[in-house]
Amino acid sequence: MPHEKSAARRATWIGAGYAAQGFGYAAVVTALPAFKDRQGIDDGFVSIILLLVCVAAAGGSVIADKVAARWGSRFALGGGLLAVALGLGLTTFHTPTALFTAILIAYGVGLGAVDASLSMQGVLVQARIGRSVMSRLFAAYTAAAILAALLMSGFAASGGGAALAVGAAALIAALVVAGGFNSFEPGRTAMPDLAGDKRHDGTRHVVWVCGAFIFTAFLADSAVSTWSSVYLDDSLSASAAVVPLGYAAYQAAVLLSRLAGDHVVPRIGRIPSAAACLLICAAGCAAVVAVPSIPVAIAGFALTGIGVGVLVPLAFSAAGEAAPGHSDEVIARVNLFNYGGALVGAVLLGALSEPIGLRIAFLIPVLGLLATIPVVRSLRRLTTTPATMSPPATAPR
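What counts and how
Residues numbered from 1 in each chain as written. Predicted model: local features only at pLDDT ≥ 70, side-chain atom pairs only at ≥ 80, totals over all residues. Heavy atoms only, no water. Patch = residues over 30% accessible without salt bridge, like charges linked within 9 Å, V, L, I, M, F, W, Y side chains within 5 Å. Areas by Shrake-Rupley, 256 points an atom, 1.4 Å probe, with all protein chains shown as cover. Salt bridge = Lys/Arg side-chain N within 4 Å of Asp/Glu carboxyl O. Helix = DSSP H or I, 4+ residues; strand = E, 2+ residues; numbered from the N terminus. Core = buried A, V, L, I, M, F, W, Y, C linked by side-chain atoms within 4.5 Å. Buried < 20%, exposed > 50% of the residue type's maximum accessible area, 1.4 Å probe, protein only. Contact = heavy atoms within 4.5 Å. Phe/Tyr/Trp six-rings, centres within 6.5 Å; stacked < 30°, edge-to-face > 60°.

*Asks:* How should a nonpolar patch on the surface be read in this particular structure?
*Replies:* On the surface, a nonpolar cluster with roughly 320 Å² of combined accessible area is contributed by Ile356, Ile360, Leu363 and Leu367. One can find Leu363 in helix α13 (residues 363-372).

*Asks:* Where do I start with the nonpolar core in this structure?
*Replies:* As a rule of thumb, soluble globular proteins bury nonpolar side chains together. Of all hydrophobic cores here, the largest spans 111 residues; its most connected members are Leu81, Phe301 and Phe362. For this core, the element with the highest residue contribution is helix α7 (residues 203-235), accounting for 14 residues. The residues contacting Phe301, other than those within four sequence positions of it, are Val224, Ser228, Tyr231, Leu232, Gly246, Tyr250, Val288 and Phe362.

*Asks:* What is the right way to read the environment of Tyr247 from this model?
*Replies:* Counting through the fold element by element, Tyr247 comes out in helix α8 (residues 245-268). Linking Tyr247 and Phe301, residues 54 residues apart in sequence, is a C-alpha distance of 7.2 Å. With sequence-adjacent residues up to four places away left out, Tyr247 is seen in contact with Ser225, Ser228 and Ser229.

*Asks:* Hey, could you run me through the packing of aromatic side chains in this one?
*Replies:* Any aromatic ring pair is given by two values, namely how distant the centres are and how the planes are angled relative to each other. What the rule picks out here adds up to nine aromatic pairs. Between the aromatic rings of Trp208 and Phe337, the centroid separation amounts to 5.5 Å while the plane-to-plane angle is 80 degrees, which identifies the pairing as edge-to-face. Of the two residues, Trp208 is situated in helix α7 and Phe337 in helix α11 (residues 327-353); the sequence distance between them amounts to 129 residues. The exposure class assigned to Trp208 is exposed, which follows from its relative accessible area of 55%. Each member of the aromatic cluster is reached from another via a ring pair, and the members are Tyr18, Phe138 and Phe316.

Pasting the structure below:
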């Protein structure tokens, strides 16, 4: 009984870390228009900043891998959240554009470190509990992101400005570190001695298989998150009240699917679940391409959210459980595919919007999703399940 309470407490605080990350990221994204006005920058410069943040996040993921290998992933998570809190807090002040850019790059490093270490922590606590909880942890991220967007809207309507929402995100990240560090999963994966070349220990296969799912999921996620509102506005001439509904439907579907994922995936199996997610996402984006209609587009974005919501935690769980002796390292590497998919989804669709139009450009995620379906068969070689994983080893203090 005490063990169950301890595991539940750890899962709760790790879930709080997911919530802090989701709240902070949504606050930054929704504050971009206010940042543009305050700093006097244009869309092109914002695109450059976002690219730099993405590259910095990839570097943060690599740093998290190194920190986790030496001290355990809770130190990577704690440090990353502090960097996020500091970066978010500093963006609330008017600074020269060069310094503002540097602050967001530093935030990006923290963002990547937290992304990677949260998944490491999730896999470890899932092994300790002995049942699937990863989807619910990601659900905390999504719910907090939705809340941040609503708060940003409310602050803007009341004249409070974006600084209040971003400042609240910084405070939440700091409070999670202060209150939860000792309750984060202290263990780390045991690193067995390898006989022979590490390149042949099977982890490379795990990284590429699970990385393919993460890349494709974030390709679809970035396409919808970045371009759904623009498509409804520019291509379908939706009213101002309707334009946000595509993204809202997408996020609502992501949340619902994540709340259900921990119950559904163990019952029907990981391989059928992955195949179904890819097909559902592809069907959602294909509907947007096939029928230039506002209701169909909104329904298509929602379908995409159902698939993405389950596919991301499924892939990270599979990665950690297939390499129980190397899960911290493997998850950090799989997490790098996140940023590649996000860049392709945001940049490639934008580049194609002028020559062929956004509606046809949504074929890109369709093709990516369908091309990933053959990879599902490779999941059969990743046979470790939560029930057979050993509890995490305790990190030296």
